Amino acid sequence: MNIARLLLASAALGLLAAPQALADTADKKIALSNNYAGNSWRQAMLKSWQKVTSQAVADKVVAAADAFTTAENQATEQAAQIQNLILQGYDAIVVNAASPTALNGAVKEACDAGITVVSFDGIVTEPCAWRIAVDFKKMGSDQLDYLAGLLPDGGNLLEIRGLAGVSVDEEIHSGIVAGVGKHPKFKIAGSVNGDWAQTVAQKAVAGILPSLPEIAAVVTQGGDGYGAAEAFKAAGRPTPIIIMGNRHDELTWWKEQKDANGYETMSVSIAPGVSTLAFWVAQQILDGQDVPKDLVVPFLRIDQDNLEASLEATEPGGVANKEYTLDEAKAVVAGK
Amino acid sequence: MNVLMPSPRLVRAALPALSLAALLVAIWFVQPRAISYFGFNLMLNLAMPIAFATIAQLCVITVNDLDLSIGAFVSFVACVGATWLNATPLLGVAVLLGAVVVYALVGALIHLRNLPSIVVTLGMSFFWLGCSVLLLPSPGGSAPAWLAALVKVRTPLVPFAILVSAALALVVHVGLMRSAWGAILRGAGGNPVAVARAGWSLLRTKVTMFALAGFFGVLSGLSLVGLTTSADANIAIRYTLLSIAGVILGGGEFVGGRVSPVGAVLGAMTLTLAGSLLSFLRISPDWQIGAQGAILIVVLALRALVNRLERRR
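So, how was this worked out
- Residue numbers here run from 1 along each chain, matching the order of that chain's written sequence.
- Note on labels: chains are lettered from A, ligands numbered from 1, in written order.
- In keeping with the predicted nature of the model, local features appear solely for residues at pLDDT of at least 70, side-chain atom pairs appear and are counted solely at 80 or more, and the whole-chain, interface and lining totals rest on all residues.
- Hydrogen atoms and water are omitted, and side-chain values are computed over all heavy atoms in the structure.
- UniProt positions are given in the numbering used here, feature names are shortened, and annotations may be inferred rather than shown by experiment.
- Residue contacts are defined here by distance: any two heavy atoms, one from each residue, within 4.5 Å place the two residues in contact.
- Buried area adds together the accessible area that both of two parts lose upon being put together, with accessible area traced by a 1.4 Å probe.
- For salt bridges, the criterion is a side-chain nitrogen of Lys or Arg within 4 Å of an Asp or Glu carboxyl oxygen.
- Each Phe, Tyr or Trp ring (for Trp, its six-membered ring) is paired with any other whose centre lies within 6.5 Å, and the angle between the two planes then decides the class: stacked below 30 degrees, edge-to-face above 60, tilted in between.
- Secondary structure elements are defined from DSSP: runs of H or I of at least 4 residues count as helices, runs of E of at least 2 residues count as strands, and each element is numbered from the N terminus.
- Relative accessibility under 20% of the residue-type maximum defines a buried residue, over 50% an exposed one, and the middle range a partly exposed one, all with a 1.4 Å probe and only protein chains included.
- Structural elements are reduced to axes, namely lines fitted to C-alpha atoms, with helices fitted over the stretch in contact, and the angle between N-to-C directions of any two is expressed from 0 to 180 degrees.
- For classification purposes, angles smaller than 35 degrees are called roughly parallel, those larger than 145 roughly antiparallel, those between 65 and 115 roughly perpendicular, and all remaining angles oblique.
- Each residue gets one label: Ala, Val, Leu, Ile, Met, Phe, Trp, Tyr, Cys and Pro are nonpolar, Asp, Glu, Lys and Arg are charged, and the others, such as Gly, are polar.
- To count toward a patch, a residue needs a relative accessible area over 30% and no salt bridge; like charges are then connected within 9 Å, while nonpolar side chains (Val, Leu, Ile, Met, Phe, Trp, Tyr) are connected within 5 Å.
- We get accessible surface area from the Shrake-Rupley algorithm with a probe of 1.4 Å; when it comes to residues, only the shown protein chains can shield them.
- Definition of a polar contact: a pair of N or O atoms within 3.5 Å, with one able to donate and the other able to accept a hydrogen when the atoms are protein atoms, and with sequence-neighbouring residues admitted only if both atoms are side-chain atoms.
- Pairing between strands is defined by DSSP: at least two bridges between them are needed.
- Expected helix span is given by 1.5 Å per residue-to-residue step, counting one fewer step than there are residues.
- Annotation comment: domain bounds sourced from an automatic or database domain assignment.

- Going by what an unreviewed UniProt entry lists, chain B is known as Ribose transport system permease protein and is assigned to Chelatococcus caeni.

- Going by an unreviewed UniProt entry, chain A carries the name Ribose transport system substrate-binding protein and comes from Chelatococcus caeni.
- According to the UniProt record, the Sequence similarities (unreviewed entry) comment for chain A is "Belongs to the bacterial solute-binding protein 2 family."

Okay, structure coming up:
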């Protein structure tokens, strides 16, 4: 029976290799190890993976690209999952990790077994793995750069932070603080935690507004802009410039304001399609390309002129997305 | 008819081993390459901390209590292992010893104040979680090199995880099932009144079993942090329910005194391998928890059948 299976397998390999494959990775298998699927961002991430990789498999760029999600958001469970993927004979494992450190043992085992490991979004610190990180700090400081261009005289800022104690919140916040240092005409007059959710943000902003002087702009972390706008409206105060976070409700509100009174702002967040960038990076590494271990993924920014197009491409209740093609991934790898 | 049937007691003892064997056959069928030294090493090395946690839970279940804090405790030990034990080994060892003493004190408290163990240990789980978060607010740390080297040691022929699990099962089996002391400890859970009348201190048995639970919890946390090489305050939260499931799967019961250390270790391995099998089968993650539950239900249903046979005798 085993011989029959072997023969079958080699026949299958032969078939795959026969029609002059485009890349050397036609017989390679890539797996996605994902720790959580419980919110719209992760759902969009998985959908992008599915869309781009199924096309890649159909084009015979790779042999397989299966997605595995753990049932509970637990590091030990994901470590076991990665070990199972090693046994299943994948050539590369793309990881969105439950913990930056607790998977290191399993990741090291994968590397020792000759498997390429690429982590993204939730990255791992094990040195043998590749990391596709988001420059959250720049996401914070860019907001100040944008505001400085729009408001040369500066003014008071309200900062809406994310979930306390999470590293992403710390990083964006430090970027905003650095931005204020660079543009000293701005001053952070107040700061609340919006937990990246519009209802929480609305409540928090409504609570702090009465104690604040006139606010020129609101700096945010994404998912909180619409709530802030509603809070300002309910308090009867003039609407400041609120930085948005690419969510559908935020873009819709921005579009309404833009049409009504020429309201101007920008929107910035990470695209869930970063999973597809990780896929192409893994494919490039398997192809033998020289890829630096630490890559920085550009975040997705929407400005006044491409608002309509972005809004149209975003599903109601979803997040603006960008899926990567092989060439775009190559550009990121090359550091462009 | 009865002559042909093996005794229910034997069937009961063999059930955990049979479930594990059935699972192995299934894995061999789906993914033949997993049945190798390399494969067992990968599939079972995370079973080692679970086996330790299961034995810790078994100690508590023996005296008719339930420990809902073992997962948080194992996480705490892992955090200590990745921080103090590495930076200042003396302090680390002292803290771990102190943690075992706390476990013993919890046992004493439960006995002296006659409190329900579920409530006390649930409270303790928050205590341990709080300690872990204070110690390691964000994931990180690194395990001492000797610990990481120890748990990853490549033993000849049989993977280290299997050797450790076998030794663990054997030692606890001899201590708890074969020795005179073990009989008293089990008796304190099965029939406390009789044991107390015979002149044994129930307080001492309870403190002993909780201290043992703490000791095995420490071993669980240390082996876990050795494998992962760094820790996270929530790293082992799942172990609470896994350890209870492992004890029950291995032939233990909630009534106290009826436990099987060998079965519990086999149960822990069965649970770990069940996860691997489901992943090899490419069962969608949405169904995996349900499938895991189904495996548990099947084994428990078989057990109920055996119990019936026992009663009919």
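1. Thoughts on the interface of chain A and chain B
Moving on, step 1. Each partner contributes residues to the interface: chain A has 26 residues there, and chain B has 33 residues.
Moving on, step 2. A buried area of about 2,600 Å², summed over both sides, lies between chain A and chain B, and 56% of it is on carbon and sulfur atoms.
Moving on, step 3. When the area that chain A buries against chain B is broken down by residue, the three leading residues are T76, L87 and Q88 of chain A, summing to 25%.
Moving on, step 4. Counting across the interface, chain A meets chain B through zero salt bridges.

2. Some remarks on the packing of aromatic side chains
Moving on, step 1. Scanning the entire structure with this criterion turns up eleven aromatic pairs over all chains.
Moving on, step 2. Between the aromatic rings of F68 of chain A and Y90 of chain A, the centroid separation amounts to 6.0 Å while the plane-to-plane angle is 75 degrees, which identifies the pairing as edge-to-face. Linking F68 of chain A in strand β2 (residues 64–69) with Y90 of chain A in the loop between α3 (75–87) and β3 (92–96), this pair joins segments that are 22 residues apart in sequence. Residues F68 of chain A and Y90 of chain A agree in their burial class; the two are buried.
Moving on, step 3. Consider the rings of W181 of chain B and W200 of chain B, whose centres lie 6.1 Å apart with planes at 65 degrees: the pair is edge-to-face.

3. Side note on the packing of helix α4 (residues 70–82) of chain B against helix α13 (residues 239–249) of chain B
Residue and element names in this part refer to chain B.
Moving on, step 1. As a packed pair, α4 and α13 sit with axes 6 Å apart at the nearest point and diverge in direction by 120 degrees. Of the possible angle classes, the one that applies to α4 and α13 is oblique. When α4 is examined against α13, the residues I70, G71, A72 and V74 are found in contact with a partner set consisting of Y239, T240 and S243.
Moving on, step 2. A per-class count over the contact of α4 with α13 returns four nonpolar, three polar and no charged.

4. What to know about a nonpolar patch on the surface
Residue and element names in this part refer to chain B.
Moving on, step 1. Taken together, the side chains of W28, F29, V30 and L281 make up a nonpolar region of the molecular surface, amounting to roughly 390 Å² of accessible area.
Moving on, step 2. Following the sequence through the fold, L281 ends up in the loop between α14 (261–280) and α15 (285–312).
Moving on, step 3. Overall, L281 belongs to the partly exposed group, its relative accessible area being 41%.

5. Regarding the environment of N156 of chain A
All names here are of chain A.
Moving on, step 1. Structurally, N156 is set in strand β6 (residues 155–161).
Moving on, step 2. N156 sits in the buried class, given a relative accessible area of 19%.
Moving on, step 3. N156 sits 62 residues away from V218 along the chain, and the two C-alpha atoms are 8.8 Å apart.
Moving on, step 4. In contact with N156, not counting residues within four places along its chain, are K187, A189, P213, E214, I215, A216 and A217.
Moving on, step 5. A polar atom in the side chain of N156 sits 3.2 Å from the backbone oxygen of E214.

6. Brief notes about the sheet that holds strand β8 (residues 217–219) of chain A
All names here are of chain A.
Moving on, step 1. Pairing within the open sheet is parallel, and its four strands lie in the order β7-β6-β8-β9. The outermost strands of the open sheet, each flanked by one partner alone, are β7 (186–193) and β9 (241–242).
Moving on, step 2. Sheet strands in contact with helix α5 (residues 136–150) are β6, β7, β8 and β9, and its direction is about 165 degrees off that of β8.
Moving on, step 3. Along the sheet, helix α7 (residues 198–208) makes contact with β6 and β7, crossing β7 at roughly 125 degrees.

7. Section: helix α12 (residues 202–228) of chain B
All names here are of chain B.
Moving on, step 1. With 27 residues, α12 extends 39 Å from end C-alpha to end C-alpha; this agrees with the ideal 39 Å at 1.5 Å per step.
Moving on, step 2. By the N-cap criterion, in which a side-chain oxygen at the helix start approaches the backbone nitrogen of a residue two or three places on, α12 is capped by S201, the distance to L203 being 3.4 Å.
Moving on, step 3. Of the residues trailing α12, T229 is marked for its positive phi of about 70 degrees.

8. A look at the sheet that holds strand β4 (residues 116–120) of chain A
Residue and element names in this part refer to chain A.
Moving on, step 1. On the basis of which strands lie adjacent, the open sheet formed by six strands has the order β2-β1-β3-β4-β5-β11 and parallel pairing. Whereas interior strands pair on both sides, the edge strands pair on one side only; in this sheet they are β2 and β11 (294–297). The mean angle between the axes of side-by-side strands here comes to 20 degrees, regardless of whether they run parallel or antiparallel.
Moving on, step 2. As paired elements, strand β5 (residues 130–134) and β11 share four bridges and run parallel to each other. From the neighbouring strand, A133 faces β11, where its bridge partner is V296.
Moving on, step 3. On the sheet, helix α10 (residues 274–286) packs against β1 (29–34), β2, β3, β4, β5 and β11 and is oriented at approximately 160 degrees with respect to β4.

9. Here's the deal with the pairing of β1 of chain A
Residues and elements named next belong to chain A.
Moving on, step 1. Of all the six residues making up β1, five are buried; the element is thus mostly covered by neighbouring parts of the structure.
Moving on, step 2. Relative to β2, β1 is paired through six bridges, and the arrangement is parallel. Note on β2: the bridge partner recorded for I30 is A65.
Moving on, step 3. Here β1 pairs with β3 via five bridges, running parallel. By the bridge assignment, I30 is partnered in β3 with A92.

10. Thoughts on α10 of chain A
All names here are of chain A.
Moving on, step 1. For α10, spanning 13 residues, the distance from its first C-alpha to its last is 19 Å, which sits close to the expected 18 Å at 1.5 Å a residue.
Moving on, step 2. Summarising burial for α10: 13 of the 13 residues are buried, a large majority.
Moving on, step 3. After α10 finishes, the residue G288 shows a positive phi value of roughly 90 degrees.

11. Examining the domain arrangement of chain A
Residue and element names in this part refer to chain A.
Moving on, step 1. Considered domain by domain, chain A is made up of domain 1 (24–134 + 271–300 + 319–333) and domain 2 (136–269).
Moving on, step 2. For domain 1 versus domain 2, the distance between C-alpha centres works out to 32 Å.
Moving on, step 3. Tallying the contact residues gives six residues for domain 1 and nine residues for domain 2.
Moving on, step 4. The junction of domain 1 with domain 2 conceals about 740 Å² of combined surface from both sides, 60% of it contributed by carbon and sulfur atoms.
Moving on, step 5. Broken down residue by residue, the surface that domain 1 buries against domain 2 is led by V134, F299 and V319, which jointly contribute 65%.
Moving on, step 6. On the surface where domain 1 and domain 2 come into contact, there are zero salt bridges.
Moving on, step 7. If you look at where domain 1 meets domain 2, you find four residue pairs in polar contact (both at pLDDT 80 or more).
Moving on, step 8. Classifying every residue of the side of domain 1 that touches domain 2 gives six nonpolar, no polar and no charged.

12. Considerations on the side chain of T76 of chain A
Moving on, step 1. Looking at the secondary structure, you find T76 of chain A in helix α3.
Moving on, step 2. Within polar-contact distance, the side chain of T76 of chain A engages the backbone oxygen of I235 of chain B at 3.5 Å.
Moving on, step 3. What T76 of chain A contacts, discounting residues up to four positions off in sequence, is L46, L224, I235 and Y239 of chain B.

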